[in-house]
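# Breakdown of the fold
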Amino acid sequence: MKVRKEMEALSEYANKCGWLISDIDEPNQTFTVTMKSPLDNEVYILEVCFSDYPELPPILEFIDPTTGAKGTRNAYPSGTDSFFHKRQPPFICNPCSRKAYREFHPQGVHGNWKMIGWQENAEASSLINFDGILKAIYSRISNEKKYECQRMA
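The text that follows walks through the structure, step by step, so that each part is easy to find. What you see is a predicted model, and the numbers here were worked out from it, not measured in a lab. (Residues numbered from 1 in each chain as written. Predicted model: local features only at pLDDT ≥ 70, side-chain atom pairs only at ≥ 80, totals over all residues. Heavy atoms only, no water.)

### Notes on the overall build of the chain
Across its full length, the chain carries two helices and eight strands. Computed over its C-alpha atoms, the radius of gyration of the chain comes to 14 Å, within 12% of the 15 Å expected for a compact globule of 153 residues. Across its three principal axes, the chain shows a C-alpha extent of roughly 35 × 35 × 30 Å. In the chain, of all internal contacts separated by at least 6 residues, the share reaching a separation of at least 24 is 47%. Of the roughly 7,700 Å² of accessible surface on the chain, 48% is carried by carbon and sulfur atoms. Side-chain charges of the chain comprise 18 positive and 20 negative groups, with the mean position of each set lying 5 Å from the other. (Helix = DSSP H or I, 4+ residues; strand = E, 2+ residues; numbered from the N terminus. Rg over C-alpha atoms; globule rule 2.2 N^0.38 Å. Contact = heavy atoms within 4.5 Å. Areas by Shrake-Rupley, 256 points an atom, 1.4 Å probe, with all protein chains shown as cover. Lys, Arg positive; Asp, Glu negative; His and termini not counted. Charge placed at Lys NZ, Arg CZ, Asp CG, Glu CD.)

Following this line, the structure appears as structure tokens:
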């Protein structure tokens, strides 16, 4: 119910930006958001898994629009900083992304962060709900200084 309310509140902004948001897959607790970079027209598909949200951060995973493969470097935008982290496997490096936590994934770089209370982490900034998270991702792929106009590949 909380996820549905957050997505409804975001719908006007999503429409303005041309995002395609799938229906919520309740059994798998997921939805996808398709965004296009206005800089290079590259399409990015983000799968959001919200199991145990908001107690735990969501699992944010990009899907390759050509192959459908999840979590590959070719699925992720390439940025100029570590937000789109280039480790293998790639991930969003922010407290809003469960894959950034070592307690969730052995390749997670943040053993110093705790998933419980993630929204209180100062590094989360405004990325404490789907509105903030999705807008931050879109702003990255829309910013010439933060987006390299290419996939990680």
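### Looking at the environment of arginine 4
With respect to the helices, strands and loops of the structure, arginine 4 is situated in helix H1 (residues 2-17). Judged by its relative accessible area of 33%, arginine 4 falls in the partly exposed class. Taking the C-alpha atoms as reference points, arginine 4 and serine 126, separated by 122 residues in sequence, lie 19 Å from one another. Looking at arginine 4, its side chain comes within polar contact range of the side chain of glutamate 26, at 2.4 Å. (Buried < 20%, exposed > 50% of the residue type's maximum accessible area, 1.4 Å probe, protein only. Polar contact = N/O pair within 3.5 Å; in protein donor to acceptor, adjacent residues only side chain to side chain.)

### Topic: the packing of H1 against helix H2 (residues 130-141)
Here H1 crosses H2 at 30 degrees, and the two axes come no closer than 9 Å. By the angle class used here, H1 and H2 are roughly parallel. Here H1 runs over H2; the crossing is right-handed. On the side of H1, the interface is formed by Val3, Glu6, Met7, Leu10, Tyr13 and Cys17, while H2 contributes Phe130, Asp131, Leu134, Lys135 and Tyr138. (Axes fitted to C-alpha atoms, helices over the stretch in contact; angles between N-to-C directions. Parallel < 35°, antiparallel > 145°, perpendicular 65-115°, else oblique. Left-handed = near helix turned anticlockwise from the far one by under 90°.)

### What about H2?
Between its first and last C-alpha atoms H2 spans 17 Å; for 12 residues at 1.5 Å apiece the expected length is 16 Å, and the two agree. The complete set of buried residues in H2 reads Phe130, Gly132, Ile133, Leu134, Ala136, Ile137, Tyr138, Arg140 and Ile141. The N-cap residue of H2 is asparagine 129: its side-chain oxygen and the backbone nitrogen of aspartate 131 are 3.2 Å apart. (Expected span 1.5 Å × (residues − 1).)

### Quick look at the sheet that holds strand E2 (residues 30-36)
Judged by pairing direction, the sheet is antiparallel, and its four strands sit side by side in the order E1-E2-E3-E4 without closing on themselves. Looking at which strands have only one partner, the edges of the open sheet turn out to be strand E1 (20-21) and strand E4 (59-63). Looking at chain direction, strand E3 (residues 43-49) and E4 are connected through five bridges and run antiparallel. Directly across from isoleucine 45, in E4, lies its bridge partner isoleucine 63. Packed on one face of the sheet, H2 meets E2, E3 and E4 and runs near 30 degrees to E2. (Pairing = 2+ DSSP bridges.)

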